[in-house]
Number of protein chains: 2
Amino acid sequence: MRKSIATVSVSGTLIEKLEAIAAAGFDGVEIFENDLLACSMPPEEIRARAADLGLTIDLYQPFRDFESVPDDLLARNLRRAEHKFQLMERLGTDLLLVCSNVSPGAIGDDDLAAAQLRTLAERAAEHGIRIAYEALAWGRHVNEYLHAWRVVQLADHPGLGTCLDSFHILSRGSDPIGIEAIPGEKIFFLQLADAPLLAMDVLQWSRHYRCFPGQGNFDVAGLVRHTLNAGYAGPLSLEVFNDHFRQADTRRTARDGMRSLIALEAELKGATRPPVPSGFAFAELADTGALGEVLSALGFVRTGGHPTKPVELWEQGGARLLLNATGAAPALVALGLESPDPAGAVKHAESLLSPVLPRERAPREARLDAIAAPDGTQIFFCDDSWLSDFAPDPDGRAGGEITGIDHVALTQPWHYFDEAELFYRSVLGLRPQGSLELPDPYGLLRSKAMSARDGAVRMVVNIAQVGAGDIPWQHVALACDGVLAVARRLRAEHPGLLLPIPGNYYDDLQARYEVDPELRRLGVLYDRDEDGGEFLHLYTVTVGRVFFELVQRIGGYDGYGAANAPIRLAVQHSGDN
Amino acid sequence: MRKSIATVSVSGTLIEKLEAIAAAGFDGVEIFENDLLACSMPPEEIRARAADLGLTIDLYQPFRDFESVPDDLLARNLRRAEHKFQLMERLGTDLLLVCSNVSPGAIGDDDLAAAQLRTLAERAAEHGIRIAYEALAWGRHVNEYLHAWRVVQLADHPGLGTCLDSFHILSRGSDPIGIEAIPGEKIFFLQLADAPLLAMDVLQWSRHYRCFPGQGNFDVAGLVRHTLNAGYAGPLSLEVFNDHFRQADTRRTARDGMRSLIALEAELKGATRPPVPSGFAFAELADTGALGEVLSALGFVRTGGHPTKPVELWEQGGARLLLNATGAAPALVALGLESPDPAGAVKHAESLLSPVLPRERAPREARLDAIAAPDGTQIFFCDDSWLSDFAPDPDGRAGGEITGIDHVALTQPWHYFDEAELFYRSVLGLRPQGSLELPDPYGLLRSKAMSARDGAVRMVVNIAQVGAGDIPWQHVALACDGVLAVARRLRAEHPGLLLPIPGNYYDDLQARYEVDPELRRLGVLYDRDEDGGEFLHLYTVTVGRVFFELVQRIGGYDGYGAANAPIRLAVQHSGDN
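This structure is a prediction, so every number in the text was calculated from the model and none was measured. (Residues numbered from 1 in each chain as written. Chains lettered and ligands numbered in written order. Predicted model: local features only at pLDDT ≥ 70, side-chain atom pairs only at ≥ 80, totals over all residues. Heavy atoms only, no water.)

(A) Representation of the relation of the copies chain A and chain B in the model. Expressed as a screw transformation, the operator carrying chain A onto chain B has a rotation angle of 180° and an axial translation of 0.0 Å, and the superposed copies differ by an RMSD of 0.0 Å. In symmetry terms, the pair is related by a two-fold rotation axis. Judged by C-alpha distance, Met200(A) is the residue of chain A that lies nearest the rotation axis, at 1.9 Å. An overlap of 100% is found between the interface residues of chain A and their copies at the interface of chain B, pointing to a shared contact surface. (Least-squares fit on C-alpha atoms with pLDDT ≥ 70 in both. Contact = heavy atoms within 4.5 Å.)

Pasting the structure below:
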C-alpha cells in the first residue's frame, strides 16, 4: 500500500520535513497548512521539491469551519476556499481535507451542511479538486464518522467523499465496523494515529498524545482492516501530534513513522511474528577494571578471552557477561540475544529500518550481525557459535547462586520513548508489560517493561528527566536462586559493594508484611504481588553508568519491584553509596 | 497564621527539603511517608533535625485504604496502623492523615466506615495521636468533603476530625460554603493547592498539575475564608504535586510556596493591592554596538549619557532605552517600571520574598532599588528622578513614529513558569491575560501575557523547550503610530533589518481578510480580533538574544498577534534573517 504522512507529524521546517519523509521511504505527504505558511518557498517550488524527492502531495489540510453556517458566512467561506483552490493548483494537489465545524455558531442541520458541502464540491470540481469531509471528535454537531458519511451521502456529489481518522474514531469509542458500510470509493482518505488510553478532554488528548500505530493502545490495524474491506485503495497516512517529536530529530521521527506503517502492514498481511529471542546470550560491558572486581565479588569467573580483542568472558550459571577493555568508561554497550534464526532476525530488523551495524570480523570469528537499539546499544542475534570465539579457560564455568540474566534496563531520551516501545515490540517481538511513573528526588522516571517467551527475555526502558539532564544509569539484573545467601556473603566479604537500604524502609515493610527480619540486616528489598508471588532483590553500587541487581522470583512473580525503585533512586542520589 | 508545607511539594532528599522549607520561613511540615522511607536517618534524628531548623512536624501522611473493609482486613490494617503510631511517636508528631479508601474492595457503608475509624482513633489515642480523615476526590465511596465529615460525625470520637484539601474539594466543583457547617475544632487540618482548569481525570490532574495558590484558577482564598469562618485555627499547609518542581531547585520552590501563602494571607486580610506600575520607565539592554545601530535605524536618538557608567539613554517618543556597554552580549538586562510609590513597591516585593538586589550608587545618582524577576532580569521601580542621572543631550528627544514601549517579552525555564505567573501577579500586581501554546519548528512554546492599568504595562513570559535547550530570545515591542510608514522607510533605507515574512503567509491572509496589499510588500503582519480590533506588527532580526517588534493597536485590540508567532518563529529558525 502507498504510505503517506502529514508534515505536521515531524519537527523542522517544511523543506527539512519533506527531505526526512522522503529519506524514510514514504510515497507521499499531506501538506499541513501552517507548515506551508511559514515556508519562504512559493508553492510551485515546494511542488517541485516534493517531486524531486519522489513524493506526491496527497492532501492539503485542514480547511476549517466551512459548513453549517449562515448565508453571509458561507459567501466568505467560499471566497476563502477559492484562495485555497488556487493555492492547491500551484501546489499540484487535488484533495482538500475539510474538518467538521467546531464553531459555537455552527448550525445543527445536516441538510444545510450537505447543501453547503455540495456547493463547495462543485466549486472545487472547477479546479479539478475533490473534498474529503472528516468528523473531528470534538466537532460541534458532526463528530462521529458515520454522521460525516451521512452528510456526504446527502450532499451526493462525486467530488465529495469522507476522510477517516483512526484517532477521531477510536478516541470516541466508536465501533469501526461501520466503516464497511461506506463504499470504498467514497472513502477519499485514511489518516492513522494511535494513542495511549487516557481519561482526558479529547482535544488535549489529540494534540498532545497521538503517536504512531503500535505505540499506543488503539487497535489501529483492526480499523484499517475494516477500511480495506470497504474497498479503500488510497494511502495509509500518518497524522500525529505530541510534545515529544517536536523536539526530536526530524529524520528519526520519519523513520519511526515508517517503521510503524511497515509493522502495521505486516500485521494486516497476517505475517508470522518475528523470530522472537529465546534468552540472553550475553551482555557486554565496557570496563576499565572496576567491573571485573564487582563480577569477581558476585561469584563470576573469567572463563575465556577473545583471541584478537581485549574482551573477556565471565560466567556464572547461565549468566554470561563480556568485559570489553577498550578504554571506554563502564557502561553497557551490547546485548546478545539467543535467536532461533539469527539471520532471519537481522533481516526482519532491517525490513523495519533498523540500521545493521558495520562490523569488522577476523577470519576465525563467528558471524554475528548487530543492530542498534534506539539508545545506541548494539543488539546481536546469536546461536551458540559465538562462544567459539573465546578460548576456553581451564577453570570452566562457575556454579554459584546466579543462574542467568533476568532483565536488562536501558535508558532513553524522553522524546524517543515511544520509538523504543515500537522498536522492542516490532523488531524484537517483545510484548509490553505496562508503563509506570516513579518519583525520583530530582525528577520523575517513566519506566516501561517488555518481555518475551514467558520472561525468558525481559527488557526495561527508563526515561528520566532530572534537573537539566537525564539519568544515565543502566543495569543488568541477574537471576539468583538464593538472594539471601548471596547477600550474607557479600555483606560479610565485600562491605560497600551493596547499596545500603534505609531502616525506615524496613519499618514500613514490617508494617505491611510479616517478613524475615534478616531482610533488614542484609539490605534486601522485598515485593509481593496480588497472587502472593514474591520478589527479593538487592543492588550493587554504581560503577560508571552501570550497576547490577540480583533478583529472586518466587511463586510466579512477574514484576520488577517497582514499588522499591523510588527508595533505590533516593539512595543512589544521596551519595551514601 | 502558621504556615506549613508537605515535604512532597519540593524536590530533593528529605533533609534537603527540610532545610529549604525552614530557609523559606515555614513554621512546620507535613512529613510525606515516601520521603521518610527513602531517608537514611532514623525518625529520632529527623525529629531532631526539624527541631534544630525550627520546624514543627504538623502531620504524618498518608495512611491509605484503612476504613470500610471486611473484618480480617481491618485486623491487618490496625496492625499496620500500630506500626505507624510507633513511628510517629519516634518522629514526634501527633496527627495522622487517613485518606478515604480507594480500593475496589471497599464497602460503601458509612456506619462501617465510622465504626472502624472510631476504633482507629481509640488505638491512636493510646499513643496521644489524633486522626484527620480526608475525602480524596477519587475515593471509592467517600469523595466529597461533607461526606467525610458525616462519617467523622457518626464515629463521634474526640481524636477523630476531618482534613480539608482545597484541590479535592474544588476539583470536584463542590461548593466550599459547606465548610462553615463543620465546627472549627473538628477541622484538624487544611491542605492548600491550586490548579489550572483542565478537563481530565481528577487523579492525573492532581498528580501532575497541582500548583501553589495563585498559580492556577481555583478560588483558594475563598475556601480558606470559609474554613476560618468555621473556626479553624490550625496551619495553612501547602500540598502540591506536578512535573515542574520535581526538576526545580528545592529552595526556590519552597520560597515560591511561601510567597504564595504570604500573598494569600494578604488577600484574606483584604490588604490593598500592591503599588501597581503605571508604565515602562525604560528597558536596559547590554550592547556591544550592534543594538545602537538598530536603534538609530528605528529612529531613536541618543539623548544622554550616564556620568559615571558606560550607559547611554536613547529616546523616541515615550520609549526610553538604555544601552549598557559593559561588554556583555546583547540582551535585555533590566526594566524600569514607573511606580506611584517606588519605595512601597520595593517593600511590597521584599515582603513577598523577592530579593532586593545590592546596588552600587554614586553620590549623585538617583536612588533606584531593584528586585530580580524570576528569569534574573532586574526590575527597577522609579519615579522621574532617574532621568537626572543622564546629562541631557542638546539634540533632545526625537519625535518619530514610535511612541513608547508596548510590551516586553521575557523567557523562562519551563519548570519556573508557575513561579513567574505568581511573581508578576503578586509582586507587580499584573493581571493574567491568558496562556497559549504555540508550535515552533523544533518544539512547543508556552506563552503567558500579563498586564496592568489597561495595558499601560504589558509583559509576556515565554517558555520553550526546543531540542535540548530553551529558546533564549527576549524582545521589546515598541508602540508605533504608523507601522506601515516605518516599514516603508526601513525596507528602503535598511534592507536586512526587518525579518522577512513568507509570501505564503500573505496568500493565506488574503484568503481570510481583505487587507491592504502593501502589507505583503512591506512584510507587516496582521491580526484581527472578534470585535474588529486590528493589530499591525513587524519584527527586526535578532541581535544577540534580543529583537524588537513594532506594533500598532487599532480599535481596542488587546492581544499580541499570537496567531502570527509560529510564522515568526519559523523564520527566526530558518536562518533567512
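(B) Fine view of the pairing of strand 11 (residues 311–316) of chain A. All names here are of chain A. In terms of burial, strand 11 is largely enclosed, as five of its six residues are buried. For strand 10 (residues 301–305) and strand 11, the ladder comprises four bridges, and the chain directions are antiparallel. When the bridges of strand 11 are listed, Gly305 appears paired with Glu312. Pairing of strand 11 with strand 12 (residues 319–324) involves six bridges; the strand directions are antiparallel. Looking across to strand 12, one finds that Glu315 is bridged to Arg320. The loop that links strand 11 with its antiparallel partner strand 12 comprises two residues; one of these, Gly317, has a positive phi angle of about 55°. (Buried < 20%, exposed > 50% of the residue type's maximum accessible area, 1.4 Å probe, protein only. Helix = DSSP H or I, 4+ residues; strand = E, 2+ residues; numbered from the N terminus. Pairing = 2+ DSSP bridges.)

(C) Here's a closer look at unusual backbone geometry. Residues Gln61(A) and Pro62(A) are joined by a peptide bond in cis, for which omega reads -10°. Relative to the assigned elements, Pro62(A) resides in strand 3 (residues 56–63). Unlike most non-glycine residues, Leu353(A) shows phi in positive territory, near 65°. The residue Ser68(B) is not glycine, and still its phi comes out positive at about 65°. Here Ser68(B) lies in the loop between strand 3 (56–63) and helix 4 (71–91). The buried category is assigned to Ser68(B), whose relative accessible area is 5%.

(D) Looking closely at the interface of chain A and chain B. Taken together, the contacts link 51 residues of chain A with 51 residues of chain B. Both faces combined, the contact of chain A with chain B buries some 4100 Å², and carbon together with sulfur accounts for 50% of it. When residues of chain A are sorted by the area they lose upon contact with chain B, Leu37(A), Arg246(A) and Asn504(A) head the list and together hold 15% of the total. There are eight salt bridges connecting chain A and chain B. Among the ionic pairs, Glu514(B) bridges to Arg79(A), the shortest N-O distance being 3.6 Å. At the boundary of chain A and chain B, one finds 24 residue pairs in polar contact (both at pLDDT 80 or more). If one sorts the elements of the side of chain A that touches chain B by residue count, helix 15 (residues 503–512) of chain A sits on top with seven residues. (Buried area = accessible area lost by both parts, 1.4 Å probe. Salt bridge = Lys/Arg side-chain N within 4 Å of Asp/Glu carboxyl O. Polar contact = N/O pair within 3.5 Å; in protein donor to acceptor, adjacent residues only side chain to side chain.)

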